[in-house]
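# Structure at a glance
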Amino acid sequence: MTEPVIFKRFDAAGAREQREIVSLIHRDAYAERIATGDAFASDQAFMTRFDAYTSRDGFDLVMAYVGDEPVGQAWGWPLPPDTRWWNGLEAEPEPGFIVEDGSRTFALSEIMVRRAWTGQGIAHALHNELLAGRGERRATLLVRPDNSAAYAAYVRWGWRPVAHLRPGWPDAPLMDVLILPLPLAR
C-alpha cells in the first residue's frame, strides 16, 4: 500500500448517509460467508441491523479510505442503562457485570476490511481510531468462536473472553463476549 489510510468519522445521521458504502464494504468483506447462505450474514439482514444501530444514542462510525476507495469500517455506541445488548448472555461473569449507566461500556459492534486490503493493519488501525478518546471504562464486542483470525487479533489487541451470548437478532449464532479496559493507549 503506497497511499496512506485516511479515516472519516460519522455520527448516526452521517452514517445513514453512508449506507450504500457501508453495504459495499460488508458485501466485499463478508463475501465468503454471504455465499454460504448464512441468513445472519446476508446483506439484507446486515443492513437491517445497521439501520437499527444508527438509532442508538452516541452511534459512532469510522470509515477507512485509501485515496477515494472505501476499504473498511468500524462502529459502535455506548450502552445505555436500558440496553438489550446483554440479553441472551448465558451466565453473568461477575455480579454487576451487565449493569450499565450510559458511560460504563462502549459496544464495538462491527469492524471489517474489504478483502483486497486485509493483512495490512487496517482493521487494527480502525479499531484504535474508533476506541481512541472514548470516555467509557470498558469496551465489549461479540465474536464468533469459529472466526479464528478475528479472535486471535482481538486477543493480541488486549481483549479477553468473559462469556457467551446469543444476540436477539433472527438467525444469530452463539458468540463469545470479549472485554477491553479503556481508555485505549495508542
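Residues numbered from 1 in each chain as written. Predicted model: local features only at pLDDT ≥ 70, side-chain atom pairs only at ≥ 80, totals over all residues. Heavy atoms only, no water.

## Observations concerning the overall build of the protein chain
What counts here: For the purposes of this entry, the term helix denotes a DSSP run of H or I that reaches at least four residues, the term strand denotes a run of E that reaches at least two, and both are numbered from the N terminus. Radius of gyration means the value over C-alpha atoms here, while the globule rule gives 2.2 Å times the residue count to the 0.38 power. Buried means the residue's accessible area, taken with a 1.4 Å probe over protein chains only, is under 20% of the maximum for its type, while exposed means over 50%, and partly exposed covers the values in between. In this analysis, two residues are considered to be in contact whenever any of their non-hydrogen atoms come within 4.5 Å of each other. None of His or the chain ends enter the tally, which takes Lys and Arg as positive and Asp and Glu as negative. Lysine's charge is taken at NZ, arginine's at CZ, aspartate's at CG and glutamate's at CD.
Looking only at helices and strands, one finds 6 helices and 7 strands in the protein chain. Ordered by position from N to C terminus, the α and β elements of the protein chain give β-α-α-α-α-β-β-β-α-β-α-β-β. A compact globule built from 186 residues would reach a C-alpha radius of gyration of about 16 Å, and the protein chain, at 16 Å, matches this within 12%. In terms of principal-axis extent, the alpha carbons of the protein chain reach across some 50 × 40 × 30 Å. Taken over 186 residues, the protein chain has a buried fraction of 48%. For the protein chain, long-range pairs separated by at least 24 residues make up 68% of all intrachain contacts whose partners lie at least 6 apart in sequence. Within the protein chain, the 25 negative side-chain charges are centred at a point lying 2 Å from the centre of the 20 positive side-chain charges.

## Quick look at the pairing of strand β3 (residues 69-78)
Heads up, the rule is: When DSSP locates at least two bridges between a pair of strands, those strands are taken to pair.
With 9 of 10 residues buried, β3 lies mostly within the body of the structure. Bridge count for strand β2 (residues 60-66) against β3 is 7 bridges, and the pairing is antiparallel. Across the sheet, V66 pairs through a bridge with E69, a residue of β3. Where β3 lies against strand β4 (residues 105-113), 7 bridges are found, and the strand directions are antiparallel. Looking at β4, one finds that P78 is bridged to F106.

## Some remarks on helix α4 (residues 43-53)
Rule in force here: By arc we mean the arc of the directions from the helix axis to the C-beta atoms, nothing more.
Of the residues making up α4, those classed as buried are D43, F46, M47, R49, F50 and Y53. Looking straight down α4, one finds that the buried residues subtend no more than 155 degrees of arc, so they occupy a single side. Against the buried residues of α4 lie α1 (12-17), α2 (19-29), β3 and β4.

## So, the packing of α2 against α4
When two helices pack together, you describe them by how their axes are tilted relative to each other and by the distance separating the axes. Where we set the bar: Axes here mean lines fitted to C-alpha atoms, for a helix over just the part in contact, with angles spanning 0 to 180 degrees between N-to-C directions. Here the angle decides the label: under 35 degrees means roughly parallel, over 145 means roughly antiparallel, 65 to 115 means roughly perpendicular, and every other value means oblique. Take the far helix as your reference; a near helix turned counterclockwise from it by less than a right angle gives a left-handed crossing, and one turned clockwise gives a right-handed crossing. Each residue gets one label: Ala, Val, Leu, Ile, Met, Phe, Trp, Tyr, Cys and Pro are nonpolar, Asp, Glu, Lys and Arg are charged, and the others, such as Gly, are polar.
Packing of α2 against α4 leaves a shortest axis separation of 10 Å and a crossing angle of 135 degrees. Comparing their axes, α4 and α2 come out oblique. When the axes of α2 and α4 are compared, the crossing they make is right-handed. Where α2 approaches α4, its residues R19, V22, S23, H26 and R27 are matched on the opposing element by D43, F46, M47, F50 and D51. Residues of the contact of α2 with α4, tallied by class, amount to 4 nonpolar, 2 polar and 4 charged.

## Regarding the pattern of salt bridges
Rules: Each salt bridge in this description consists of a side-chain nitrogen of Lys or Arg and a carboxyl oxygen of Asp or Glu lying within 4 Å of one another.
Tallied over the full model, the rule gives 13 salt bridges. Two residues, D43 and R27, come together in a salt bridge whose shortest N-O distance is 3.9 Å. Residue D43 is located in helix α4, and its partner R27 is located in helix α2; the two are separated by 16 residues in the primary sequence. Assessed through its relative accessible area of 38%, R27 is described here as partly exposed. In this structure, R137 engages D101 in a salt bridge whose closest nitrogen and oxygen atoms are separated by 3.8 Å. Here R137 is found in the loop between α5 (122-131) and β5 (138-143), whereas its partner D101 is found in the loop between β3 and β4, with 36 residues between them in sequence. With relative accessibility at 43%, the residue D101 sits in the partly exposed group. In the salt-bridge network here, residues are joined through shared partners; they are R9, D60, E129, R134 and E136.

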